[in-house]
Amino acid sequence: MKILSNTNIKRPLNAVDLAPACDASIFEIEEFTYAFYGPKKTAPFVVIESEIFYLLMQRLAGRIVELNVFRPLCLCCGGTGLLTIRLTEADGCVSQFNEADELELCMDLETLYQKRNARN
Amino acid sequence: MRETKLSLIKPSKIKVLTVPRSLLKLNRCAKDEYAITKDHRVLNVFESLSLSRHLALEGRRKIRWIRLVEKSMQHGAGAKRIFEIHFQYCDGRMFILDERDRLFSVNEVSWGRSLHSPCGLWGLVPEEPIIHMLLTSRMVDLIESQAMEGQIPHVLRTYWRDWSLTPGTSPHSTRTINIRGEFGSFKANYINSKMVKFDTSR
(Lines give C-alpha, C1' and ligand atoms only; values in the text may rest on other atoms or scores of the structure.)
Protein backbone atom coordinates (compact mmCIF):
# COMPACT_ATOMS: atom_id res chain seq x y z
CA MET A 1 0.00 0.00 0.00
CA LYS A 2 1.35 3.38 -0.97
CA ILE A 3 0.12 6.38 1.02
CA LEU A 4 -0.28 9.36 -1.28
CA SER A 5 0.57 12.71 0.26
CA ASN A 6 -1.64 14.65 -2.13
CA THR A 7 -4.97 14.97 -0.35
CA ASN A 8 -6.22 17.68 -2.72
CA ILE A 9 -7.45 14.97 -5.07
CA LYS A 10 -10.81 15.69 -6.68
CA ARG A 11 -13.42 13.03 -6.29
CA PRO A 12 -15.02 11.93 -9.57
CA LEU A 13 -18.67 12.94 -9.74
CA ASN A 14 -19.80 9.38 -10.40
CA ALA A 15 -17.72 7.89 -7.57
CA VAL A 16 -19.78 5.64 -5.28
CA ASP A 17 -19.29 5.48 -1.53
CA LEU A 18 -18.03 1.96 -0.82
CA ALA A 19 -18.97 2.19 2.86
CA PRO A 20 -22.45 3.80 2.85
CA ALA A 21 -23.32 2.50 6.32
CA CYS A 22 -20.38 4.37 7.90
CA ASP A 23 -19.93 8.02 8.80
CA ALA A 24 -16.57 8.02 7.06
CA SER A 25 -16.52 7.17 3.35
CA ILE A 26 -14.28 5.34 0.90
CA PHE A 27 -14.24 6.46 -2.73
CA GLU A 28 -12.36 4.91 -5.61
CA ILE A 29 -10.63 7.91 -7.19
CA GLU A 30 -8.98 6.00 -9.99
CA GLU A 31 -7.95 2.39 -10.52
CA PHE A 32 -6.25 1.07 -7.34
CA THR A 33 -6.47 4.54 -5.69
CA TYR A 34 -8.84 5.10 -2.80
CA ALA A 35 -9.62 8.22 -0.79
CA PHE A 36 -10.95 8.11 2.77
CA TYR A 37 -13.24 10.97 3.79
CA GLY A 38 -14.72 12.10 7.08
CA PRO A 39 -18.46 12.77 7.49
CA LYS A 40 -18.30 16.16 5.74
CA LYS A 41 -16.67 14.61 2.66
CA THR A 42 -14.73 17.82 1.97
CA ALA A 43 -11.12 16.60 1.80
CA PRO A 44 -9.82 13.07 2.26
CA PHE A 45 -7.85 12.38 5.44
CA VAL A 46 -5.86 9.67 3.72
CA VAL A 47 -5.37 8.54 0.13
CA ILE A 48 -3.90 5.15 -0.68
CA GLU A 49 -2.89 3.20 -3.74
CA SER A 50 -3.02 -0.57 -3.51
CA GLU A 51 -3.91 -3.48 -5.73
CA ILE A 52 -4.61 -5.72 -2.73
CA PHE A 53 -7.05 -3.17 -1.33
CA TYR A 54 -8.73 -3.08 -4.75
CA LEU A 55 -9.25 -6.86 -4.53
CA LEU A 56 -10.51 -6.53 -0.97
CA MET A 57 -13.02 -3.89 -2.05
CA GLN A 58 -14.40 -6.27 -4.70
CA ARG A 59 -15.60 -8.41 -1.80
CA LEU A 60 -16.42 -5.79 0.83
CA ALA A 61 -17.91 -2.85 -1.10
CA GLY A 62 -21.26 -1.94 0.44
CA ARG A 63 -20.87 -4.47 3.26
CA ILE A 64 -18.72 -2.44 5.66
CA VAL A 65 -20.49 -1.26 8.79
CA GLU A 66 -17.50 0.12 10.73
CA LEU A 67 -14.41 1.80 9.37
CA ASN A 68 -11.35 2.75 11.41
CA VAL A 69 -8.02 4.04 10.21
CA PHE A 70 -5.36 4.00 12.91
CA ARG A 71 -1.70 3.72 13.79
CA PRO A 72 -1.00 1.35 16.68
CA LEU A 73 1.32 2.83 19.29
CA CYS A 74 3.35 0.23 21.20
CA LEU A 75 3.13 1.09 24.90
CA CYS A 76 6.15 -1.12 25.65
CA CYS A 77 8.71 0.52 23.34
CA GLY A 78 6.88 3.70 22.28
CA GLY A 79 7.22 2.80 18.61
CA THR A 80 4.49 3.65 16.11
CA GLY A 81 3.15 0.85 14.00
CA LEU A 82 1.98 0.76 10.40
CA LEU A 83 -1.08 2.65 9.26
CA THR A 84 -3.91 0.15 9.46
CA ILE A 85 -7.34 0.19 7.88
CA ARG A 86 -9.84 -1.83 9.85
CA LEU A 87 -13.06 -2.83 8.12
CA THR A 88 -15.86 -4.52 10.06
CA GLU A 89 -18.72 -6.38 8.40
CA ALA A 90 -22.19 -6.72 9.89
CA ASP A 91 -21.46 -10.24 11.15
CA GLY A 92 -18.53 -8.89 13.20
CA CYS A 93 -15.86 -10.23 10.84
CA VAL A 94 -12.93 -7.77 10.74
CA SER A 95 -10.44 -7.33 7.89
CA GLN A 96 -7.30 -5.37 8.69
CA PHE A 97 -5.12 -4.02 5.93
CA ASN A 98 -1.85 -2.24 6.66
CA GLU A 99 0.85 -0.15 5.03
CA ALA A 100 2.99 -3.25 4.33
CA ASP A 101 0.18 -4.61 2.10
CA GLU A 102 -0.63 -7.25 4.71
CA LEU A 103 -4.21 -8.34 4.91
CA GLU A 104 -5.36 -9.99 8.12
CA LEU A 105 -8.68 -11.51 9.01
CA CYS A 106 -9.69 -11.12 12.67
CA MET A 107 -12.21 -13.63 13.90
CA ASP A 108 -13.85 -13.65 17.27
CA LEU A 109 -12.68 -16.89 18.91
CA GLU A 110 -16.18 -17.90 20.00
CA THR A 111 -17.58 -17.43 16.49
CA LEU A 112 -14.63 -19.36 15.12
CA TYR A 113 -15.23 -22.29 17.48
CA GLN A 114 -18.94 -22.34 16.65
CA LYS A 115 -18.19 -22.43 12.92
CA ARG A 116 -15.67 -25.24 13.43
CA ASN A 117 -18.14 -27.22 15.56
CA ALA A 118 -20.88 -26.75 12.98
CA ARG A 119 -18.52 -27.95 10.23
CA ASN A 120 -17.47 -31.04 12.20
CA MET B 1 1.03 -12.64 27.12
CA ARG B 2 1.56 -16.30 27.84
CA GLU B 3 -1.27 -18.77 27.99
CA THR B 4 -1.12 -20.62 31.29
CA LYS B 5 -3.14 -22.75 33.69
CA LEU B 6 -5.17 -21.25 36.47
CA SER B 7 -3.25 -21.46 39.73
CA LEU B 8 -5.00 -22.30 42.96
CA ILE B 9 -6.40 -19.06 44.28
CA LYS B 10 -9.08 -17.90 46.60
CA PRO B 11 -12.21 -16.60 44.81
CA SER B 12 -12.14 -13.57 47.10
CA LYS B 13 -8.78 -12.56 45.56
CA ILE B 14 -10.25 -12.33 42.05
CA LYS B 15 -10.88 -8.79 40.82
CA VAL B 16 -13.23 -8.18 37.89
CA LEU B 17 -11.80 -5.48 35.60
CA THR B 18 -14.72 -5.19 33.17
CA VAL B 19 -18.04 -3.39 33.70
CA PRO B 20 -20.85 -5.68 34.99
CA ARG B 21 -22.74 -5.64 31.66
CA SER B 22 -19.76 -6.88 29.63
CA LEU B 23 -20.42 -10.27 27.96
CA LEU B 24 -16.83 -11.45 28.40
CA LYS B 25 -15.22 -10.61 31.71
CA LEU B 26 -11.58 -9.93 32.40
CA ASN B 27 -10.58 -11.11 35.86
CA ARG B 28 -7.30 -10.48 37.63
CA CYS B 29 -6.53 -13.68 39.52
CA ALA B 30 -3.00 -12.96 40.75
CA LYS B 31 -0.33 -10.28 40.24
CA ASP B 32 0.22 -10.98 36.53
CA GLU B 33 -2.36 -13.71 35.98
CA TYR B 34 -5.64 -13.00 34.22
CA ALA B 35 -8.67 -15.06 33.23
CA ILE B 36 -11.31 -14.30 30.63
CA THR B 37 -14.69 -15.74 31.57
CA LYS B 38 -18.19 -15.89 30.13
CA ASP B 39 -21.23 -16.93 32.16
CA HIS B 40 -18.88 -18.27 34.89
CA ARG B 41 -16.98 -20.40 32.33
CA VAL B 42 -13.24 -19.84 32.01
CA LEU B 43 -12.37 -19.26 28.33
CA ASN B 44 -8.72 -18.31 28.64
CA VAL B 45 -6.05 -17.86 31.31
CA PHE B 46 -2.88 -15.93 30.62
CA GLU B 47 0.03 -14.09 32.22
CA SER B 48 0.96 -10.61 31.07
CA LEU B 49 3.48 -8.20 32.54
CA SER B 50 2.57 -5.54 29.98
CA LEU B 51 -1.09 -5.62 30.97
CA SER B 52 -0.19 -5.36 34.66
CA ARG B 53 2.02 -2.33 34.01
CA HIS B 54 -0.71 -0.73 31.91
CA LEU B 55 -3.44 -1.34 34.49
CA ALA B 56 -1.26 0.18 37.20
CA LEU B 57 -1.22 3.42 35.17
CA GLU B 58 -4.95 3.31 34.41
CA GLY B 59 -5.94 3.05 38.07
CA ARG B 60 -9.50 1.93 38.70
CA ARG B 61 -10.91 2.61 35.24
CA LYS B 62 -13.22 -0.18 34.12
CA ILE B 63 -13.04 -1.92 30.76
CA ARG B 64 -16.20 -1.65 28.67
CA TRP B 65 -15.70 -4.71 26.50
CA ILE B 66 -13.06 -7.32 25.79
CA ARG B 67 -12.73 -9.71 22.84
CA LEU B 68 -10.62 -12.77 22.15
CA VAL B 69 -9.46 -12.59 18.56
CA GLU B 70 -7.58 -14.92 16.25
CA LYS B 71 -5.84 -12.92 13.55
CA SER B 72 -4.95 -14.91 10.45
CA MET B 73 -2.80 -13.57 7.65
CA GLN B 74 -4.60 -13.61 4.29
CA HIS B 75 -1.88 -11.83 2.34
CA GLY B 76 1.68 -10.93 3.34
CA ALA B 77 4.65 -12.38 5.18
CA GLY B 78 5.05 -13.36 8.82
CA ALA B 79 3.11 -15.48 11.26
CA LYS B 80 0.03 -17.18 9.93
CA ARG B 81 -2.08 -17.02 13.05
CA ILE B 82 -1.81 -14.66 15.99
CA PHE B 83 -3.89 -14.67 19.12
CA GLU B 84 -4.87 -11.22 20.42
CA ILE B 85 -6.98 -9.62 23.09
CA HIS B 86 -8.79 -6.40 22.16
CA PHE B 87 -10.30 -4.22 24.86
CA GLN B 88 -11.88 -0.81 25.16
CA TYR B 89 -12.41 1.51 28.11
CA CYS B 90 -15.67 3.37 28.71
CA ASP B 91 -14.06 6.57 27.36
CA GLY B 92 -13.58 4.92 23.94
CA ARG B 93 -9.81 4.27 24.09
CA MET B 94 -8.99 0.92 22.56
CA PHE B 95 -5.97 -1.33 23.20
CA ILE B 96 -4.60 -4.54 21.68
CA LEU B 97 -2.55 -7.09 23.61
CA ASP B 98 -0.84 -9.65 21.40
CA GLU B 99 0.60 -13.06 22.19
CA ARG B 100 4.13 -11.62 22.31
CA ASP B 101 2.97 -9.53 25.28
CA ARG B 102 3.08 -6.28 23.32
CA LEU B 103 0.40 -3.79 24.21
CA PHE B 104 -0.74 -1.33 21.54
CA SER B 105 -2.86 1.75 21.85
CA VAL B 106 -5.10 2.30 18.82
CA ASN B 107 -4.58 5.90 17.69
CA GLU B 108 -7.41 6.79 15.33
CA VAL B 109 -6.47 8.73 12.22
CA SER B 110 -10.05 8.81 11.01
CA TRP B 111 -13.06 10.50 12.54
CA GLY B 112 -14.53 8.49 15.38
CA ARG B 113 -17.19 6.10 14.23
CA SER B 114 -20.74 6.93 15.04
CA LEU B 115 -22.42 3.64 14.27
CA HIS B 116 -21.67 0.29 15.89
CA SER B 117 -22.48 -3.22 14.74
CA PRO B 118 -23.79 -5.30 17.68
CA CYS B 119 -21.80 -8.38 16.60
CA GLY B 120 -18.56 -6.40 16.46
CA LEU B 121 -19.24 -4.49 19.65
CA TRP B 122 -20.42 -7.26 21.94
CA GLY B 123 -19.02 -10.30 20.12
CA LEU B 124 -22.51 -11.71 19.50
CA VAL B 125 -23.05 -14.65 17.19
CA PRO B 126 -23.87 -13.24 13.74
CA GLU B 127 -27.45 -14.24 13.06
CA GLU B 128 -30.70 -12.73 11.83
CA PRO B 129 -31.90 -10.09 12.51
CA ILE B 130 -28.99 -8.72 14.56
CA ILE B 131 -26.63 -8.59 11.56
CA HIS B 132 -28.93 -5.99 9.98
CA MET B 133 -28.79 -3.62 12.97
CA LEU B 134 -26.48 -0.63 13.43
CA LEU B 135 -26.56 1.40 16.62
CA THR B 136 -25.60 4.95 17.50
CA SER B 137 -23.40 5.44 20.58
CA ARG B 138 -26.42 6.76 22.50
CA MET B 139 -28.38 3.65 21.57
CA VAL B 140 -25.50 1.42 22.73
CA ASP B 141 -25.54 3.17 26.12
CA LEU B 142 -29.33 2.82 26.34
CA ILE B 143 -29.29 -0.91 25.50
CA GLU B 144 -26.48 -1.56 27.98
CA SER B 145 -28.47 0.18 30.70
CA GLN B 146 -31.60 -1.84 29.84
CA ALA B 147 -30.03 -5.28 29.45
CA MET B 148 -29.07 -7.46 32.35
CA GLU B 149 -26.10 -9.79 31.94
CA GLY B 150 -26.47 -11.93 28.79
CA GLN B 151 -29.75 -10.28 27.76
CA ILE B 152 -28.39 -7.99 25.06
CA PRO B 153 -29.45 -10.29 22.16
CA HIS B 154 -32.99 -10.44 23.59
CA VAL B 155 -33.19 -6.63 23.89
CA LEU B 156 -31.87 -6.23 20.32
CA ARG B 157 -34.43 -8.69 18.94
CA THR B 158 -37.19 -6.81 20.77
CA TYR B 159 -36.10 -3.54 19.20
CA TRP B 160 -36.03 -5.24 15.79
CA ARG B 161 -39.50 -6.73 16.31
CA ASP B 162 -40.89 -3.30 17.30
CA TRP B 163 -39.30 -1.83 14.16
CA SER B 164 -40.46 -4.57 11.77
CA LEU B 165 -44.04 -4.44 13.08
CA THR B 166 -44.26 -0.68 12.54
CA PRO B 167 -46.26 0.22 9.43
CA GLY B 168 -44.45 2.22 6.77
CA THR B 169 -40.99 0.64 7.02
CA SER B 170 -39.64 -0.15 3.59
CA PRO B 171 -36.11 -0.83 2.32
CA HIS B 172 -36.92 1.59 -0.51
CA SER B 173 -37.29 4.50 1.90
CA THR B 174 -34.60 5.91 4.19
CA ARG B 175 -37.16 8.00 6.11
CA THR B 176 -36.63 8.00 9.89
CA ILE B 177 -39.56 6.57 11.82
CA ASN B 178 -40.27 7.22 15.50
CA ILE B 179 -41.40 4.10 17.29
CA ARG B 180 -42.86 3.52 20.73
CA GLY B 181 -41.69 0.02 21.59
CA GLU B 182 -41.53 -2.35 24.53
CA PHE B 183 -38.37 -0.74 25.93
CA GLY B 184 -39.46 2.83 25.25
CA SER B 185 -39.34 5.23 22.32
CA PHE B 186 -36.64 5.09 19.68
CA LYS B 187 -36.18 5.98 16.04
CA ALA B 188 -34.92 3.91 13.16
CA ASN B 189 -34.38 4.11 9.43
CA TYR B 190 -33.00 2.04 6.58
CA ILE B 191 -29.45 3.07 5.57
CA ASN B 192 -29.47 0.78 2.56
CA SER B 193 -31.55 -2.21 1.53
CA LYS B 194 -30.16 -4.39 4.34
CA MET B 195 -28.94 -2.20 7.21
CA VAL B 196 -31.15 -0.36 9.69
CA LYS B 197 -29.85 2.39 11.95
CA PHE B 198 -31.30 2.55 15.47
CA ASP B 199 -31.10 5.71 17.57
CA THR B 200 -32.64 6.99 20.77
CA SER B 201 -35.66 9.24 20.41
CA ARG B 202 -33.81 12.25 21.91
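This one's a predicted model, so the numbers in the text were calculated from it and none came from an experiment.

About the thresholds
Counting starts from 1 at the beginning of each chain's written sequence and moves along it residue by residue. To read the labels, note that chains go from A and ligands from 1, taken in the order they are written. Local features are withheld for residues below a pLDDT of 70 in this predicted model, meaning they are given only at 70 or higher, and side-chain atom pairs are given and counted only at 80 or more; totals for whole chains, interfaces and linings count all residues. By definition, any uninterrupted DSSP run of H or I lasting at least four residues is a helix, any uninterrupted run of E lasting at least two residues is a strand, and each is numbered from the N terminus. Field definition: a residue is buried when 20 or more other C-beta atoms are found within 10 Å of its C-beta, exposed when 12 or fewer are, and partly exposed for counts in between, with C-beta atoms placed from the backbone. Here, residue contact means that the backbone-derived C-beta atoms of the two residues sit within 7 Å. Predictor confidence is given residue by residue as pLDDT, running from a minimum of 0 to a maximum of 100. What fixes the domain bounds is an automatic or database domain assignment. Note that Gly is not counted as nonpolar here; it falls among the polar residues with everything else outside the nonpolar set of Ala, Val, Leu, Ile, Met, Phe, Trp, Tyr, Cys and Pro and the charged set of Asp, Glu, Lys and Arg. Between any two strands, at least two bridges found by DSSP are needed for them to pair. A set of buried Ala, Val, Leu, Ile, Met, Phe, Trp, Tyr and Cys residues, joined to one another through C-beta atoms within 7 Å, is what we call a nonpolar core. The convention used is that axes are lines fitted to C-alpha atoms, helices contributing only their stretch in contact, and that angles between N-to-C directions extend from 0 to 180 degrees.

1. Some thoughts on the overall build of chain B
Looking only at helices and strands, chain B has four helices and 14 strands in total. Taking the principal axes of its C-alpha atoms as reference, chain B extends roughly 55 × 45 × 30 Å. Put simply, chain B has 202 residues, and 26% of those count as buried. Pairs at least 24 residues apart make up 42% of the contacts formed inside chain B by residues separated by at least 6 positions.

2. Focus: the confidence of the model for chain A
Mean pLDDT over chain A stands at 85; residues scoring 70 or higher make up 91%. Averaged pLDDT values for the elements of chain A fall to 69 in helix α2 (residues 109–119) of chain A and rise to 93 in helix α1 (residues 51–60) of chain A.

3. Structural notes on the domain arrangement of chain B
Residues and elements named next belong to chain B. Entries for chain B in the domain assignment read domain 1 (2–105) and domain 2 (115–200). If you look at the interface, domain 1 gives seven residues, while domain 2 gives seven residues. Tallied by class, the residues present in the side of domain 1 that touches domain 2 amount to four nonpolar, no polar and three charged.

4. Regarding the interface of chain A and chain B
Across the boundary between the two partners, chain A contributes 44 residues, which contact 39 residues of chain B. Examining the composition of the side of chain A that touches chain B, we find that 10 residues originate from one element, strand β5 (residues 64–74) of chain A, more than from any other. When its residues are assigned to classes, the side of chain A that touches chain B shows 28 nonpolar, seven polar and nine charged. Where β5 of chain A meets strand β9 (residues 103–108) of chain B, five bridges bridge the pair, whose relative direction is antiparallel.

5. Overview of the nonpolar core
Ala21, Cys22 and Val65 of chain A together with Ile66, Leu134, Val196 and Phe198 of chain B are the most contacted members of the largest nonpolar core, which has 64 residues in total. Taken domain by domain, the makeup of this core includes at least three residues from each of domain 1 (2–105) and domain 2 (115–200) of chain B. Among all residues touching Ile66 of chain B, those that are not within four sequence positions of it are Thr18, Ser22, Leu24, Leu26, Ile36, Ile85 and Phe87 of chain B.

6. Observations regarding the pairing of strand β2 (residues 25–30) of chain A
All names here are of chain A. Bridge analysis of β2 against strand β3 (residues 33–37) gives five bridges, and the strand direction is antiparallel. Considered in β3, the bridge of Ser25 is made with Tyr37. What sits between the antiparallel neighbours β2 and β3 is a turn of two residues, in which Phe32 has the positive phi angle 70 degrees.

7. Digging into the sheet that holds strand β7 (residues 81–89) of chain B
Spatial ordering of the closed barrel is given by β5(A)-β6(A)-β7(A)-β8(A)-β6(B)-β7(B)-β8(B)-β9(B), a layout of eight strands whose pairing is antiparallel. The sheet shows a mean angle of 35 degrees between the axes of neighbouring strands, direction not considered. Taken together, the five bridges between strand β6 (residues 84–89) of chain A and strand β7 (residues 94–98) of chain A define a ladder with antiparallel strand orientation. Within the sheet, the bridge partner assigned to Arg86 of chain A lies in β7 of chain A and is Gln96 of chain A. Contacts between α1 of chain A and the sheet are confined to β5, β6, β7 and β8 (103–108) of chain A together with β6 (63–75) of chain B, with β7 of chain A contributing the most and set at about 165 degrees to the helix.

8. Here's the deal with the pairing of strand β3 (residues 25–28) of chain B
Residue and element names in this part refer to chain B. As defined by bridge partners, strand β2 (residues 15–16) adjoins β3 across two bridges and the pair is classed as antiparallel. For Lys15, the partnering residue across the bridge sits in β3 and is Arg28. Pairing between β3 and strand β4 (residues 33–38): four bridges, direction antiparallel. From the neighbouring strand, Arg28 faces β4, where its bridge partner is Tyr34. Adjacent in sequence and paired antiparallel, β3 and β4 are bridged by four residues.

9. Topic: the sheet that holds β3 of chain B
The antiparallel open sheet is built from five strands, whose spatial order is β1-β5-β4-β3-β2 (chain B). Where the open sheet ends on each side, the last strands, each with one partner, are β1 (2–3) and β2 of chain B.

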